[in-house]
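# Reading the structure
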Amino acid sequence: HYNELPDDKRNGPKFYVEDNVDPVRMAALLDVIEPEKTCFNVISKSGATSETMTQYLIIADILKNKGVSLPDNIIFTTDAKKGNLIKIDQSFGGAFKKYVLPDGVGGRFSEMCPVGLLPAAVLGIDIKAMLAGAAYMDGLCSSPDVSNNPALACAVLQYITMKQGKNINVLMPYSDNLKLMADWYCQLWAESLGKAVDYDGNVVNAGTTAVKSLGVTDQHSQVQLYIEGPFDKVITFISVIEYACAMPIAHGCEDIPDVGFLGGHTMQELIQAENKATAYALMRAGRMNYTITLPAVNEFTLGQLMYLLELQTAYTGALLNINTFNQPGVENGKKATFALLGKKGYEAQKAEIASAAAPDKKYIV
C-alpha cells in the first residue's frame, strides 16, 4: 500500500509502472495523477518499442498542451549513443536527463542497471546494498563445483527434471513483498529458455512453462493441482525466516476450538507453518520441490535472490545449448504488429497476414 501512505510516511513520490497499452488503464492513470507535477521515465533501448513510444506520444502531447517543457518532466533511460530517444533528445538540444541502458543487457536482465536501480533509488531503496547482495551471490556462484555453486545446483536440478518431462516450473514465494518477483521470473525464464533451435541449428523447442504462485493465497487455488494433478511440475518455494513484523494474533473465541487455537501465535508463525506444511504435502505425494530461504526481505537479500535467479537461468540455457539472451519469437510478434499498423517497410508482412486463411464461420457465434 505504498502509494496510499500519507506523504510524511512515504520515502519518496508515488510510483506507477505503466507496462501495458490497455487504453482504459491509461485513462485511469490520468485520473489519479497531475501530469504537469509528474516525472515520466521513458525506458526503451531502441526508442522503437511501440508500447513505450505510444505512451510517450500521449504524455508529450498532454504536457505540450499544458505549456510544460518536456525535458522538465520527462527523463530517458536508453542507449548511450543511438536510438530514437537520442534523436528526440538531440532535437531538444540535449536537454533531457538521460540514463544509460548498457549494451548487451536485455530487458529481463536489467534490474541491476539504471532500468531498475533508478526507480528503486527514487523510492528510497538502498541500491548500493542491492548491488552488494548481487556481488555477494556472484562470489558464492564462482565455483565450477555444482555442490558449492547454488545457482548452478538449481540449474542442474531444473535441467534434469526437464529431461524427465517436468515441463512446468512454479515459483511460489511466501511473502507478499515477493509476489512480483514471481511475475518477473516468469518473463526471465520463459523469454530466455523458450527457443526453437540450439546453437548447432537443431530444432529442440526448448524450455519449460514458468508459473507464478503466491503462498498462502494459492494454497486455496493451485496447490490442489500441484499435489494431485499431473506429475509435470517442479515447485520452487521462497521462504523467509524473519518478516519485517510478526503481527501477534489476539486471543479470542476460546469456545470455538477451530479458531481459538490461533490465539497467542503470530502471523509470521502461521505463514511459516503453512509454507512448511505445503512443502511436506508435496514431498509426501512424491512431487518435486525445493526451497530458497531468505533470512529477511531487504535490499541485500533481494540483490542476492535476483542475481541467483538470473544465473540459474543462464546456466540452464548453457546446459540446453541455446541462446539464453535473444528473443526471436518476440521479435516476430513485433514485426507483425508493425505491419498491421502500417509501418513503412513492413508491407510484405502485412500482405502475408492478409492472405492468411479466414476463420471458419461455422465456429463463430
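Numbers given for residues are sequential positions, taken from 1 along each chain in its written order. Thresholds applied to this predicted model are a pLDDT of at least 70 for local features of residues and 80 or more for the giving and counting of side-chain atom pairs; totals over whole chains, interfaces and linings are not thresholded and use all residues. In computing side-chain values, all of the structure's heavy atoms are included and hydrogens and water are not.

### Thoughts on the overall build of the protein
Condition: Each helix is a run of DSSP H or I of at least 4 residues and each strand a run of E of at least 2, with the numbering of both proceeding from the N terminus. Exposure classes here rest on a 1.4 Å probe applied to the protein chains alone. A residue is buried below 20% of its type maximum, exposed above 50%, and partly exposed in between. Throughout, a residue-residue contact means that at least one pair of heavy atoms, one from each residue, lies within 4.5 Å. Accessibility throughout is a Shrake-Rupley quantity obtained with a 1.4 Å probe, and a residue counts as covered only by protein chains that appear here. Only four residue types enter the charge count, namely Lys and Arg as positive and Asp and Glu as negative; His and the chain termini do not. Charge positions come from single atoms, namely NZ of Lys, CZ of Arg, CG of Asp or CD of Glu.
Looking only at helices and strands, the protein has 14 helices and 7 strands in total. Each principal axis of the C-alpha distribution contributes one length, and for the protein these read about 70 × 60 × 55 Å. For the protein, the residues scored as buried account for 38% of the 365 residues in total. Within the protein, contacts between residues at least 6 apart in sequence are counted, and of these 66% link residues at least 24 apart. For the protein, the exposed area adds up to about 20900 Å²; of that, 59% sits on carbon and sulfur atoms. Counting 31 positive and 39 negative side-chain charges, the protein places the centres of these two groups 8 Å from one another.

### As for the packing of helix 5 (residues 114-122) against helix 6 (residues 127-140)
Note the cut-off: Geometry is summarised by axes, namely lines fitted to C-alpha atoms with helices restricted to the contacting stretch, and by angles between N-to-C directions that run from 0 to 180 degrees. To sort the angles, those under 35 degrees are grouped as roughly parallel, those over 145 as roughly antiparallel, those from 65 to 115 as roughly perpendicular, and the leftovers as oblique. Under the scheme applied, nonpolar residues are Ala, Val, Leu, Ile, Met, Phe, Trp, Tyr, Cys and Pro; charged residues are Asp, Glu, Lys and Arg; polar residues are all the others, including Gly.
Viewed as axis vectors pointing N to C, helix 5 and helix 6 meet at an angle of 140°, and their least axial separation amounts to 9 Å. Relative to helix 6, helix 5 is oriented oblique. Residue-level contacts link Leu 117, Ala 120 and Ala 121 of helix 5 to Ile 127, Met 130 and Leu 131 of helix 6. Split by residue class, the contact of helix 5 with helix 6 holds 6 nonpolar, no polar and no charged.

### Overview of the environment of Thr 78
Note the threshold: Counting of polar contacts relies on pairs of N or O atoms within 3.5 Å, with two restrictions inside protein: one atom must be capable of donating a hydrogen and the other of accepting it, and residues adjacent in sequence are counted only when both atoms are side-chain atoms.
Tracing the backbone shows Thr 78 in strand 2 (residues 74-78). Classification of Thr 78 by relative accessible area gives buried; the value is 1%. Considering only alpha carbons, one finds Thr 78 and His 251, 173 residues apart in sequence, at a separation of 55 Å. Setting aside anything within four residues of it in sequence, one finds Thr 78 in contact with Ser 44, Lys 45, Leu 85, Ile 86, Tyr 99, Val 100 and Leu 101. A distance of 2.7 Å separates the side chain of Thr 78 from the backbone oxygen of Ser 44, its partner in a polar contact.

### Some words on helix 2 (residues 50-65)
The cut-off we apply is this: Take the residue count of a helix, subtract one, and multiply by 1.5 Å to get its expected span.
In a regular helix each residue adds 1.5 Å, so 16 residues correspond to 22 Å; helix 2 covers 23 Å between its end C-alpha atoms and thus fits that length. Listed as buried for helix 2 are Thr 52, Met 53, Gln 55, Tyr 56, Ile 59, Ala 60, Ile 62 and Leu 63.

### A few points about the sheet that holds strand 6 (residues 233-242)
For clarity, the threshold we go by: A pair of strands is considered paired only if DSSP assigns at least 2 bridges between the two.
Within the open sheet, the 4 strands sit side by side as 5-4-6-7. Their pairing is parallel. Here the strands that pair on one side only, and so sit at the sheet edges, are strand 5 (209-212) and strand 7 (288-296). Averaged over all adjacent pairs, the angle separating strand axes in this sheet is 20°, with direction ignored. With 8 bridges joining them, strand 6 and strand 7 adopt parallel strand pairing. Residue pairing for strand 7: Phe 237 is matched across the bridge by Thr 291. Here helix 11 (residues 267-284) sits on the sheet in contact with strand 6 and strand 7, set at roughly 155° to strand 6.

### Side note on the packing of aromatic side chains
The criterion, for reference: Aromatic rings from Phe, Tyr and Trp, taking only the six-membered ring of Trp, are treated as a pair when their centres fall within 6.5 Å; an angle between ring planes under 30 degrees marks them as stacked, one over 60 as edge-to-face, and anything in between as tilted. Cation placement over rings: the criterion is NZ of Lys or CZ of Arg within 6 Å of the ring centroid and within 35° of the ring normal.
Inspection of every chain in the model, using the stated rule, returns 8 aromatic pairs. The interplanar angle of 50° and the centroid separation of 5.3 Å between the aromatic rings of Phe 109 and Phe 325 together place this pair among those described as tilted. Of the two residues, Phe 109 is situated in the loop between strand 3 (97-100) and helix 5 and Phe 325 in the loop between helix 12 (299-320) and helix 13 (328-340); the sequence distance between them amounts to 216 residues. For Phe 109, a relative accessible area of 16% corresponds to the buried category. Following the ring pairs from residue to residue traces out a cluster consisting of Tyr 56, Phe 76, Phe 92 and Phe 96. Over the aromatic face of Phe 231 sits the side chain of Arg 287, whose NZ or CZ is 3.5 Å from the ring centroid. Across the ring face of Phe 338, the terminal group of Lys 343 is positioned such that the distance to the ring centre comes to 4.0 Å.

### Here we look at the sheet that holds strand 3
Within the open sheet, the 3 strands sit side by side as 1-2-3. Their pairing is parallel. Strand pairing shows two members of the sheet lacking a second neighbour, strand 1 (40-43) and strand 3, which therefore form its edges. Strand-to-strand twist in this sheet, taken as the mean axis angle between neighbours without regard to direction, amounts to 20°. Taken together, the 4 bridges between strand 1 and strand 2 define a ladder with parallel strand orientation. Of the residues in strand 2, the one forming a bridge with Val 42 is Phe 76. Across the sheet, helix 2 touches strand 1 and strand 2, and the angle it forms with strand 1 is around 150°. Each of strand 1, strand 2 and strand 3 touches helix 5; the most contacted strand, strand 2, lies at about 145° to it.

### Examining the pairing of strand 2
Heads up, the rule is: Think of it like this: strands point away, you trace from the first strand over the helix to the second, and a clockwise trace means the crossover is right-handed.
Among the 5 residues that make up strand 2, 5 are buried, leaving the element largely enclosed by the rest of the structure. Neither face of strand 2 is exposed, since Ile 74, Phe 76 and Thr 78 on one face and Ile 75 and Thr 77 on the opposite face are all buried. Bridge analysis of strand 2 against strand 3 gives 4 bridges, and the strand direction is parallel. What sits directly across from Phe 76, in strand 3, is Lys 98. Viewed along the sheet, the connection from strand 2 through helix 4 (residues 84-91) into strand 3 turns out right-handed.

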